[in-house]
Amino acid sequence: MGVISIYKYESLPDRLEVVKELNGKKVNSDLIIAKLSRYNRQEVVIQYFYYESVEDALKRVLPESDSDEVVSFLRQNGKTKVLRKAYCFINILTKTLEVYRGQDSRTDRIVSTLEQLLNTKFTQITLDSQVLQKIYTEHGVELKQAMFKNIHGLFYEILRGKFLESNNKFKEYLNKFPEALRVISFRPKIKFLNSYNKYQVTINGDRGTIRFSSSNGLFKWRPRLEVRQITFLVAATLGLLAS
């Protein structure tokens, strides 16, 4: 499943200047490659390269028992780090930065480095209950899951089902706890690059992230055309679009 962290900003120079300030820059052991998007006139594409220990890299893909053995073998052969890459996109129209990673210390480091080089501030977006309701109502085909916060003494209460927006319990929670809706999973109403459109998008209002997933796990990432549309509808609903 692919996770994207979204940040907003107040102002940046034009795309050419952004590329000039970022492309080829090295910060400590990190390297940034930036270029104009060939497919969208509003976007800058950023490839952020960084080194990661072999332990951290292998823990993501192997069970701990197997990763320990592989790490030991690699260390004996002088391999202690691996080069990794994170994609980022700055969109001048939506005034957003998208980092193709979940939120963790590495993502914080990437954002902080871009802030320093561009002399700006990137702020994690947050979406309240009303914004989340507007997104699935206006831009969704079907609401699949909803997470409410602090319901009946529980830290989180999760409701799942088909066309959840018509579910009586879901409606009851919205009426009783109008500010408690914090996460939604829905099938988006967007233009798809191909016929495979059965996946769902999860928007976490507290974390400012979007996640793409399907029941059969056929993919990790979606085409940029589809991701851009999701980011656009989030930014538009939040009122971030550049005038």
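As shown above, the structure is provided for reference.
What this report covers is the structure whose coordinates are included nearby.

How each quantity is defined
- Residues numbered from 1 in each chain as written.
- Predicted model: local features only at pLDDT ≥ 70, side-chain atom pairs only at ≥ 80, totals over all residues.
- Heavy atoms only, no water.
- 1 Å grid on protein atoms, 1.4 Å probe; cavity = no way out; pocket = protein on both sides within 12 Å on 5 of 7 lines; lining within 4 Å.
- Points joined across faces, edges and corners; volume = space filled by probe spheres on them.
- Helix = DSSP H or I, 4+ residues; strand = E, 2+ residues; numbered from the N terminus.
- Nonpolar A, V, L, I, M, F, W, Y, C, P; charged D, E, K, R; others polar.
- Polar contact = N/O pair within 3.5 Å; in protein donor to acceptor, adjacent residues only side chain to side chain.
- Buried < 20%, exposed > 50% of the residue type's maximum accessible area, 1.4 Å probe, protein only.
- Pairing = 2+ DSSP bridges.
- Expected span 1.5 Å × (residues − 1).
- Core = buried A, V, L, I, M, F, W, Y, C linked by side-chain atoms within 4.5 Å.
- Contact = heavy atoms within 4.5 Å.
- Salt bridge = Lys/Arg side-chain N within 4 Å of Asp/Glu carboxyl O.
- Phe/Tyr/Trp six-rings, centres within 6.5 Å; stacked < 30°, edge-to-face > 60°.
- Lys NZ or Arg CZ within 6 Å of the ring centre and 35° of its normal.
- Axes fitted to C-alpha atoms, helices over the stretch in contact; angles between N-to-C directions.
- Parallel < 35°, antiparallel > 145°, perpendicular 65-115°, else oblique.
- Left-handed = near helix turned anticlockwise from the far one by under 90°.

**Structural notes on the layout of surface pockets**
Over the atoms rolls a probe the size of a water molecule, and in doing so it shows where empty space is left. Of the pockets and cavities examined, the second largest pocket occupies roughly 260 Å³. Contributing to the lining of the second largest pocket are 16 residues, with Val183, Thr202, Asn204, Thr209 and Arg211 lying nearest its centre. Among the secondary structure elements, those contributing two or more residues to the lining of the second largest pocket are β8 (140-151), β9 (154-160), β10 (181-188), β11 (200-204) and β12 (209-213). Grouping the amino acids of the lining of the second largest pocket by side-chain chemistry returns five nonpolar, eight polar and three charged.

**Examining the side chain of Arg101**
Considering the arrangement of structural elements, one finds Arg101 in the loop between β6 (96-99) and α4 (105-118). A polar atom in the side chain of Arg101 sits 2.9 Å from the side chain of Thr107.

**Thoughts on the pairing of β12**
Where burial is concerned, most of β12 is hidden: four out of the five residues are buried. By the bridge criterion, four bridges tie strand β1 (residues 2-8) to β12 in an arrangement that is antiparallel. Note on β12: the bridge partner recorded for Val3 is Arg211. Across five bridges, the pairing between β11 and β12 is antiparallel. Note that in β12 the partner of Gln200 across the bridge is Ser213.

**What about helix α7 (residues 224-238)?**
Taking 1.5 Å of rise per residue, the 15 residues of α7 would be expected to cover 21 Å, and the 21 Å separating its terminal C-alpha atoms lies within 8% of that figure. Of all the positions in α7, only Arg224, Glu226, Val227, Arg228, Ile230, Thr231, Leu233, Val234, Ala235 and Thr237 are classed as buried. Of the residues flanking the end of α7, it is Gly239, one or two places downstream, whose phi is positive at about 75°.

**A short note on the nonpolar core**
Counting 37 residues, the largest nonpolar core has Ile135, Phe148, Phe170, Leu181, Ile184 and Ile203 as the members making the most contacts within it. Contributions of two or more residues to this core are made by β1, α5 (129-139), β8, α6 (168-176), β10, β11, β12 and α7. A per-element tally of this core places α7 first, with five residues. When residues no more than four places from it in sequence are discounted, the contact partners of Ile135 are Leu127, Gly140, Ile184, Phe186, Ile203, Leu233, Val234 and Thr237.

**Quick word on the pattern of salt bridges**
Think of it this way: side chains of opposite charge can pair up when their charged atoms draw near. Taken as a whole and assessed by the stated rule, the structure comprises 15 salt bridges. The salt bridge involving Glu43 is made with Arg224; its shortest N-O contact spans 2.6 Å. Here Glu43 is found in strand β4 (residues 43-53), whereas its partner Arg224 is found in helix α7, with 181 residues between them in sequence. By the burial criterion, Glu43 is buried, and Arg224 matches it. Across the pair Glu142 and Lys144 runs a salt bridge whose closest N-O atoms are separated by 3.8 Å. For Lys144, a relative accessible area of 25% corresponds to the partly exposed category. Salt bridges sharing partners connect three or more residues here, namely Glu43, Glu98, Arg224 and Arg228.

**Regarding the packing of aromatic side chains**
One pass over the structure, following the stated rule, counts nine aromatic pairs. Centre to centre, the rings of Phe155 and Tyr156 are 4.6 Å apart; their planes meet at 80°, and the pair counts as edge-to-face. Judged by its relative accessible area of 52%, Phe155 is exposed. Taken together, the ring pairs in this structure connect Tyr136, Phe148, Phe170, Tyr173 and Phe177 into an aromatic cluster. Over the face of the ring belonging to Phe89 we find Arg224, whose NZ or CZ atom lies 3.8 Å from the ring centre.

**Some words on the packing of α5 against α7**
Running from N to C, α5 and α7 cross one another at 130°; their axes reach a closest spacing of 10 Å. Relative to α7, the element α5 is oriented oblique. Crossing handedness for the pair α5 and α7: right-handed. Along the contact surface, α5 presents Val131, Lys134, Ile135 and His139, while α7 presents Leu233, Val234, Thr237 and Leu238. Here the residues of the contact of α5 with α7 sort into five nonpolar, two polar and one charged.

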